[in-house]
Amino acid sequence: MADPDLTPSEREIADTLRFLAHDPVTWVEPPAGMWSRIQQALSAAEPALGTTGDQRSPGSVGSVRQLHTTREERPRPRNITRRSLLAVAAGGLIAGLGLGAISWQQLDSRRGDVLATAELTPLDAPDQLGSAQVLRTPAGLELRLAAARPFEVQSGYIEVWLINRDGRRMVSVGVYSGQSTESFPITADLLQQGYVVVDLSREVFDDDPTHSGNSLVRGQLNV
Amino acid sequence: MAPPTVSGVEVVWPDCSDADVARGIAEGSAEALRLAFQRWGSLIHTIALRALGDAHDAEEVTQQVFVSAWASRRQLRPDPEALPGWLVGIAKHRIADLRRMRMRSDRRVAAAHQLSTQTTSTSLDDRVAERLVLAYELERLGDPRAAILRMAFVEDLPQADIAARLKLPLNTVKSHVRRGLAELRQRLEEVSKHG
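Each residue is numbered by its place in its chain's sequence as written, counting from 1. Working convention: letters from A go to chains and numbers from 1 go to ligands, in the order in which they are written. The predicted origin of the model limits local features to residues at a pLDDT of at least 70 and limits the giving and counting of side-chain atom pairs to 80 or more, whereas totals for whole chains, interfaces and linings rest on all residues. Derived side-chain values reflect all non-hydrogen atoms in the structure, with water molecules and hydrogen atoms excluded from consideration.

**Here we look at the pairing of strand β9 (residues 195-203) of chain A**
Residue and element names in this part refer to chain A.
At step 1: Exposed residues in this analysis have more than 50% of their type's maximum accessible area, buried residues have under 20%, and partly exposed residues fall in between, with area computed by a 1.4 Å probe over protein chains only. Here a helix means four or more residues in a row that DSSP labels H or I, a strand means two or more in a row labelled E, and each is numbered from the N terminus. Summarising burial for β9: eight of the nine residues are buried, a large majority.
At step 2: Two strands qualify as a pair provided that DSSP identifies no fewer than 2 bridges between them. Note: strand β6 (residues 157-164) against β9, eight bridges, orientation antiparallel. Bridge assignment links tyrosine 157 to a residue of β9, and that residue is glutamate 203.
At step 3: Pairing of β9 with strand β10 (residues 215-220), which is carried by five bridges, proceeds in the antiparallel orientation. When the sheet's bridge partners are listed, valine 197 is paired in β10 with glutamine 220.

So this is what it looks like as structure tokens:
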């Protein structure tokens, strides 16, 4: 393209672009494992970085987890049809704590980098009853829950869900004792696909894996 | 064409803005540095490889760039334009350092060429970096702008032909060319600032 209309600085860029015709770029990726080497170098320089301290063993969350035999598989989204849940999902979604710019969290050197947080509040009365965090640990991402006061479980159990922004789909990530701080493995893909609303439901042992419609608390992660 | 990110590095927010990444690094988030590595690691590595011509040296430089970046993160301005220019600037310094070290260890070469003690970024390194950043930023522009710029300057097509091929008004094509060049120029300014 003849470029009589370009300013000198524009022409400079144009000329550099022309080089690409004769010398197309072949991008060369760094070798696999370079990031972990970088991370090790960073930790060596600053011991507070990275994760130290207790390494949670896979079975330590509680035996109640064994109810869900497909824990090792990636959770599959389920479509929900209960009208009450849909209505609540539409009206009860708490405005995200940071839907605009990403809120980078400070390092949590005890377990991993905190990537996102959410306050968990009841749908009808906004008292904070718990909090959720997404952490990156050496084992991968995890959703960590903490209860401000222990939840009553009685004859059922508490199930942890990630509901999609669309308010229609959800994934179960596990069963929560409701008593203390517990962590559940999740994937980045789940968050990227919009499953960012944390929901805790009261469930009964009825062989029905879908959400009971009885949400205890909910909160949206600020991803 | 998508820009060449580093495969196998899992990130939670692949679509976040460059400004967010810069802010994250400046604030001390290791997750932000990881995202920067995923987004620009191939750019840095390719620059190092082209400048030094050796895969092992290039890997060493790439690793050093991100470690140095973390060490000097407080100097990073949390601006939309700061990255990748800041990283490329660090890369040029690490490349120069490595080259100086290699030359020192090969005394015969040094004697033969009577090298001065001060070796800075050569103008060849600057051109390599500039051209690769441009190629990278071009791919990030996305279509139709990137396609239009490629057709105009890499394929050397007249703007009328580009308009016909893409079924766009001629003025739209002209506007994309102007704005695309301006955007690329701004990106390059950041790179040359850190030379």
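**Focus: the side chain of Glu159(A)**
At step 1: Looking at where Glu159(A) falls in the secondary structure, it is placed in strand β6.
At step 2: Among the polar contacts listed, one links the side chain of Glu159(A) to the side chain of Ser172(A), at a separation of 2.6 Å. Here a polar contact is recorded for every N or O atom pair within 3.5 Å, except that within protein the pair must consist of a potential hydrogen donor and a potential acceptor, and residues adjacent in sequence are included only if both atoms are side-chain atoms.

**Here we look at the pattern of salt bridges**
Residues and elements named next belong to chain B.
At step 1: When a carboxyl oxygen of Asp or Glu is within 4 Å of a side-chain nitrogen of Lys or Arg, the pair counts as a salt bridge. Applying the stated criterion across every chain, the model contains 26 salt bridges over all chains.
At step 2: Between aspartate 18 and arginine 140 there is a salt bridge, with its nearest N and O atoms 2.8 Å apart. In this pair, aspartate 18 is assigned in helix α1 (residues 18-26) and arginine 140 in helix α6 (residues 123-141), connecting sequence segments 122 residues apart.
At step 3: For aspartate 18, a relative accessible area of 6% gives the class buried.
At step 4: Taking relative accessible area as the criterion, arginine 140 reaches 28% and is therefore assigned partly exposed.
At step 5: Salt bridges sharing common partners tie together Asp18, Arg39, Glu81, Glu137, Arg140 and Arg187.

**A short note on unusual backbone geometry**
At step 1: Cis geometry marks the peptide bond from Leu83(B) to Pro84(B), where omega comes out at 5°.
At step 2: Note on placement: Pro84(B) falls in the loop between α3 (55-71) and α4 (85-105).
At step 3: Put simply, Asp143(B) and Pro144(B) share a cis peptide bond, and its omega is 10°.
At step 4: Despite not being glycine, Asp207(A) has its phi angle at roughly 60°, a positive value.
At step 5: Within the secondary structure, Asp207(A) sits in the loop between β9 and β10.
At step 6: Positioned with a positive phi, Lys167(B) is a non-glycine residue whose angle comes to about 55°.
At step 7: Tracing the backbone through its elements, the reader meets Lys167(B) in the loop between α8 (159-166) and α9 (170-193).
At step 8: Under the relative-accessibility criterion, Lys167(B) is labelled exposed at 74%.

**With respect to the interface of chain A and chain B**
One frequent convention defines the size of an interface as the accessible area lost when the parts assemble.
At step 1: Taken together, the contact pairs 46 residues of chain A with 59 residues of chain B.
At step 2: Counting every contact that joins chain A to chain B gives six salt bridges.
At step 3: For the interface between chain A and chain B, the tally reads ten residue pairs in polar contact (both at pLDDT 80 or more).
At step 4: Of all the secondary-structure elements, those providing two or more residues to the side of chain A that touches chain B are α1 (8-22), α2 (34-45), β3 (112-120) and α4 (188-192) of chain A.
At step 5: At ten residues, α1(A) tops the list of elements feeding residues into the side of chain A that touches chain B.
At step 6: Following the grouping adopted for this structure description, the nonpolar residues are Ala, Val, Leu, Ile, Met, Phe, Trp, Tyr, Cys and Pro, the charged ones are Asp, Glu, Lys and Arg, and the polar ones are all others, Gly among them. Grouping the amino acids of the side of chain A that touches chain B by side-chain chemistry returns 29 nonpolar, seven polar and ten charged. Here, residues are in contact when the closest pair of their heavy atoms is within 4.5 Å.

**Overview of the nonpolar core**
At step 1: Among buried residues, those of type Ala, Val, Leu, Ile, Met, Phe, Trp, Tyr and Cys that are joined through side-chain atoms within 4.5 Å constitute a nonpolar core. Leu17(A), Leu143(A), Leu145(A), Leu200(A) and Leu221(A) are the most contacted members of the largest nonpolar core, which totals 102 residues.
At step 2: At 13 residues, the largest contribution of residues to this core is made by helix α2 (residues 30-52) of chain B.
At step 3: When neighbours within four sequence positions are excluded, Leu200(A) is seen to be in contact with Leu120(A), Leu145(A), Phe151(A), Ile158(A), Glu159(A), Val160(A), Tyr176(A), Asn214(A), Ser215(A), Leu216(A) and Val217(A).

**Structural notes on the environment of Arg165(A)**
At step 1: Within the secondary structure, Arg165(A) is located in the loop between β6 and β7 (169-176).
At step 2: For the pair Arg165(A) and Val196(A), spaced 31 residues apart in sequence, the C-alpha to C-alpha distance is 6.7 Å.

**As for the packing of aromatic side chains**
At step 1: To pair, rings of Phe, Tyr and Trp, with the six-membered ring standing in for Trp, must have centres within 6.5 Å; the planes then decide the type, stacked if under 30 degrees apart, edge-to-face if over 60, and tilted in the middle. With the rule as written, the count across this model stands at five aromatic pairs over all chains.
At step 2: Measuring from centroid to centroid gives 5.7 Å for Trp27(A) and Tyr136(B), while their planes differ by 85°, and the two rings are edge-to-face. In this pair, Trp27(A) is assigned in the loop between α1 and α2 and Tyr136(B) in helix α6, connecting two distinct chains.
At step 3: Judged by relative accessible area, which is 18%, Trp27(A) ranks as buried.
At step 4: By relative accessible area, which is 0% here, Tyr136(B) ends up buried.
At step 5: Taking the centre distance of 6.4 Å and the plane angle of 80° together, the rings of Tyr176(A) and Phe184(A) count as edge-to-face. This pair shows no difference in class: Tyr176(A) is buried, exactly as Phe184(A) is.

**Looking at α2(A)**
Residue and element names in this part refer to chain A.
At step 1: Here α2 spans 17 Å end to end across twelve residues, near enough to the 16 Å set by a 1.5 Å rise per residue.
At step 2: Residues of α2 that are buried include every one of Met34, Trp35, Ile38 and Leu42, and no others. Buried residues of α2 fall within an arc of 100° about the axis and therefore sit on the same side. Exposed and oriented more than 90 degrees from the buried face of α2 are Gln40 and Ala44. The span expected for a helix works out to 1.5 Å for each residue beyond the first. By arc we mean the arc of the directions from the helix axis to the C-beta atoms, nothing more.

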